[in-house]
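# Examination of the molecular architecture
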Amino acid sequence: ISAVSMGTPHAIIFVDDLEADVVLDSDGPALETADIFPAKTNVEFVQVMSPTHLKMKVWERGAGPTLACGTGACALTVAAIRAGKIPRDQGPCRVTLPGGDLFIEWKEEDNKVYMTGPATFAFDGSARHF
């Protein structure tokens, strides 16, 4: 497990086969609430597809499985670079999530992590305040 903070805690687990090695509905909550994470944590399971492509499933802290997690995609890219699974100097890495692809780059020149990807309208509603 790699632990990375992007302002929110993330536990990243690298697997050989995302479909065969992960049971998200049981593995996700077990790690989210593990004693080593007293404030709970987001959990990302990651398969390295190539040096420029990672594929992930996410269990978000307090929410369960979600289609996307931008901070999680950033965290797992940093974890993959630190673990030597992908190079840092390759330019953006494609991260495939259930909701689509994001492109993440951890730049050496300023040590910042950059994320690009699509934005789509997902919800419209109103709420009544009491």
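Structural data are supplied above this passage.
Here we summarise the structure given alongside this text.

Moving on to the side chain of Glu44. You can see Glu44 is positioned in strand β3 (residues 42-50). Buried and without a salt bridge, Glu44 has Arg61 as its closest oppositely charged side chain, separated by 9.8 Å. Beyond its immediate sequence surroundings of up to four residues, Glu44 is in contact with His10, Ala11, Ile12, Ile13, Met56, Lys57, Val58, Cys69, Gly72 and Leu76.

With that settled, the discussion passes to the pattern of salt bridges. According to the stated counting rule, one finds two salt bridges in the structure shown. Between Lys57 and Glu19 there is a salt bridge, with the nearest N and O atoms lying 3.2 Å from each other. One end of the pair, Lys57, is in strand β4 (residues 53-60); the other, Glu19, is in helix α1 (residues 18-21), with 38 residues separating them in the sequence.

Attention now moves to the nonpolar core. By size, the foremost hydrophobic cluster in this structure holds 22 residues, and its most contacted members are Ile12, Leu54, Met56, Leu76 and Val95. For this core, the elements supplying multiple residues, two or more each, are β4, α3 (70-82), β6 (93-97) and β7 (100-106). Within the second largest apolar cluster, nine residues are counted, among which are Leu18, Val22, Leu31 and Val43.

On to the packing of aromatic side chains, then. Tallying each qualifying case throughout the model produces zero aromatic pairs. Over the aromatic face of Phe14 sits the side chain of Lys85, whose NZ or CZ is 5.1 Å from the ring centroid. The ring of Trp106 has Arg88 sitting right over it, with the charged end atom 3.6 Å from the ring centre.

Parameters at a glance
Residues numbered from 1 in each chain as written. Predicted model: local features only at pLDDT ≥ 70, side-chain atom pairs only at ≥ 80, totals over all residues. Heavy atoms only, no water. Helix = DSSP H or I, 4+ residues; strand = E, 2+ residues; numbered from the N terminus. Buried < 20%, exposed > 50% of the residue type's maximum accessible area, 1.4 Å probe, protein only. Lys, Arg positive; Asp, Glu negative; His and termini not counted. Salt bridge = Lys/Arg side-chain N within 4 Å of Asp/Glu carboxyl O. Contact = heavy atoms within 4.5 Å. Core = buried A, V, L, I, M, F, W, Y, C linked by side-chain atoms within 4.5 Å. Phe/Tyr/Trp six-rings, centres within 6.5 Å; stacked < 30°, edge-to-face > 60°. Lys NZ or Arg CZ within 6 Å of the ring centre and 35° of its normal.

Remember, this is a structural readout, not a statement about activity or role.
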